[in-house]
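# Structure assessment
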Amino acid sequence: MNKKERVQAALLSKNLDRPPISLWMNYPEVDQEPLSLAKAHIAFQEKFDLDFIKLTPFDLYSVQDWGCQIQFFCQQDQNPTIYKYAINNISDWQKLEYLPPQIGALGKQLLLTKYVNQLIGDNVPFVQTVYSPLTTAYKLAGEKLFDHLRHNPTIVHKALEVITATTIDFIKANIQAGAAGIFFATACAKHNLLSNTEYNEFARYYDFEVLRGARGGWFNTLHIHGHDILFDELLDYPVHALNWHDSHEYPPLRRARAMTDLCIIGGLDEAGPIVNGSPSEVIDEVSRFLTETNLTGVMVGPGCVTTTSNIPENNITATRLVVERYGDKDLWKYLSMDSSCL
């Protein structure tokens, strides 16, 4: 079973030789140069023989060309930050114009997809990271967004229409360029940000518009980011897989497995043992994930981008060992083995 076949089988909850596995991190030292970023992704995938790649362009790419002023450090583990939002007054929303996917910051991420497709081959699927329209609006305005949408909803809706049209065409261009689908991230599906009525009006409607535009992909994942998340309310999203901070956020894995037939990608706390623990702790964490999800329709990966790119190699090797030798009582004996023998 090759990697593409393994991922496709997991998405359909079919029998497979082992669960697929992947890890993802940011590469701020090279993420402003598409070819270098593509090579960094592929080098990491090849080193640990991962089953798929989740592309990690810098997480402000969707707002740069709409006017967010961003400080770039181009150093490992120091991600770009906004020092001035694009939206400061309600009238600023009316300045947003449609952005074609081939130019600017969007164009650089499209180039990333094209380079990965050229370099990786047909048997390693990869997905492009895409932000929900309301998440992009949140990045554009910060907390002001929620005051604006409550007091000037018509203006914010018009802006969300522009963001949605831009996002849909970006997705279509990436799938056409070789991406297997999208990693659709929302940072606004939280109980403490919006009421259910507000979420349905300002987030859900536009999310479904975007996901309809992603129907050309066969590997579309919904990532629900943050704490106190909406989960039950998002189970009808038209995606193939779910990803959230499953190690420490609602719902418990056994309940999640009972609630949905969608593939669950998780098992690794992005700030936990994989980055700062021991191989035995990683084994325990991944084993628990596989047990509580019944090894059905699952892939092993982090609940979010890992908090550092300096992941101990022994921990990655341990993760691979768990999925390949799950249930082996003497799994620890293999920890000294070189990962090349796996």
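Now for a description of the structure that goes with this document. All chains use their own residue numbering, which begins from 1 and follows the written sequence. Where totals are concerned, whole chains, interfaces and linings use all residues; where local detail is concerned, this predicted model gives features only for residues with pLDDT of at least 70, and gives and counts side-chain atom pairs only at 80 or more. For the side-chain quantities, the full set of heavy atoms in the structure was used; hydrogens and water were omitted.

The numbering of helices and of strands both runs from the N terminus, where a helix is a DSSP run of H or I of at least 4 residues and a strand a run of E of at least 2. Tracing the backbone through its elements, the reader meets N192 in the loop between β5 (181–186) and α8 (196–213). The exposure class of N192 is exposed, given its relative accessible area of 57%. Taking the C-alpha atoms as reference, N192 lies 30 Å from E97; in sequence the two are 95 residues apart. Type-normalised accessible area, obtained with a 1.4 Å probe on protein chains alone, sets the label of each residue: buried when under 20%, exposed when over 50%, and partly exposed for intermediate values.

Now for the environment of V282. By the element assignment, V282 lies in helix α11 (residues 279–292). Among the residues examined, V282 registers a relative accessible area of 0% and is labelled buried. Non-local contacts of V282, meaning those with residues more than four positions away in its chain, are made with L268, P273, I274, N315, A318 and T319. Contacts are residue-level and defined by heavy atoms, with any inter-residue pair within 4.5 Å sufficient.

A word on helix α6 (residues 144–151). All buried positions along α6 are accounted for by L145, F146, H148 and L149. Considered in projection along α6, the buried side chains sweep an arc of 160° and stay on one side of the axis. Where α6 is buried, its residues touch α5 (133–141), α7 (153–176) and α8. Relevant arc is that of directions from the helix axis to the C-beta atoms, nothing else.

Of all the 6 residues making up strand β8 (residues 263–268), 6 are buried; the element is thus mostly covered by neighbouring parts of the structure. Strand pairing is defined by DSSP finding a minimum of two bridges between the two strands. Both strand β7 (residues 241–244) and β8 contribute to a ladder of 2 bridges, which runs parallel. Along β8, the bridge assignment pairs L242 with I264. If the strands point away from the viewer and the path from the first strand over the helix to the second runs clockwise, then the crossover is right-handed. What joins β7 to β8 is helix α9 (residues 253–259), and the crossover it makes is right-handed. Taken together, the 5 bridges between β8 and strand β9 (residues 298–302) define a ladder with parallel strand orientation. If you follow G266 over to β9, its bridge partner there is V300.

A few words now on unusual backbone geometry. With an omega dihedral of 0°, the bond running from Y250 to P251 counts as a cis peptide bond. When you line up the elements, P251 lands in the loop between β7 and α9. Notably, D49 is not glycine yet its phi reads approximately 55°, a positive angle. Turning to its location among the elements, D49 is positioned in the loop between α2 (34–48) and β1 (53–54). Although it is not a glycine, D228 adopts a positive phi angle of roughly 55°. Looking at the secondary structure, you find D228 in the loop between β6 (221–224) and β7.

This part covers the nonpolar core. Formed by 95 residues in total, the largest nonpolar core has its most connected members in W93, L96, L134, L140, L145, Y237 and W244. Among the elements that line this core, the one with the most residues is α7, at 9 residues. Look past the residues within four positions of L134 in its chain and what remains in contact with it is L145, L149, L160, C188, L194, F202 and A203. Buried Ala, Val, Leu, Ile, Met, Phe, Trp, Tyr and Cys residues form a nonpolar core when they are joined through side-chain atoms within 4.5 Å. V7, L11, V127 and F183 belong to the second largest nonpolar core, which has 13 residues in total.

A separate point is the sheet that holds β6. The pairing of strands in a sheet comes from backbone hydrogen bonds and takes either a parallel or an antiparallel form. Sheet architecture is open: 7 strands sit in the order β1-β4-β5-β6-β7-β8-β9, paired in parallel fashion. Where the open sheet ends on each side, the last strands, each with one partner, are β1 and β9. Note: β6 against β7, 4 bridges, orientation parallel. Among the inter-strand pairings, L222 is bridged to a residue of β7, identified as L242.

The next subject is the pattern of salt bridges. Salt bridge, as used here, is a side-chain nitrogen of Lys or Arg placed within 4 Å of a carboxyl oxygen of Asp or Glu. This model, assessed by the stated rule, comprises 13 salt bridges. Across the pair D49 and R320 runs a salt bridge, and its minimum N-O distance is 3.8 Å. Here R320 lies in helix α12 (residues 313–325) and D49 lies in the loop between α2 and β1, a separation of 271 residues in the sequence. Of the charged contacts in the structure, one is a salt bridge between R150 and E198, with a shortest N-O distance of 2.8 Å. Of this pair, R150 sits in helix α6 while E198 sits in helix α8; the two residues are 48 residues apart in sequence, bridging distant segments of the chain. In this structure R150 comes out as partly exposed when scored by relative accessible area, which is 42%.

So, about the packing of aromatic side chains. Between 30 and 60 degrees the pair is tilted, below 30 it is stacked and above 60 it is edge-to-face, where a pair is any two Phe, Tyr or Trp rings, Trp via its six-membered ring, whose centres lie within 6.5 Å. Taken as a whole, this structure holds 13 aromatic pairs when the rule is applied. Members of the aromatic cluster, connected to one another through ring pairs, are W24, F52, F183, W218 and F219. Two limits define a charge over a ring: the Lys NZ or Arg CZ must be within 6 Å of the ring centre, and within 35 degrees of the ring normal. In this structure, K139 is placed above the aromatic ring of Y131, and the distance from its NZ or CZ to the ring centre is 4.3 Å.

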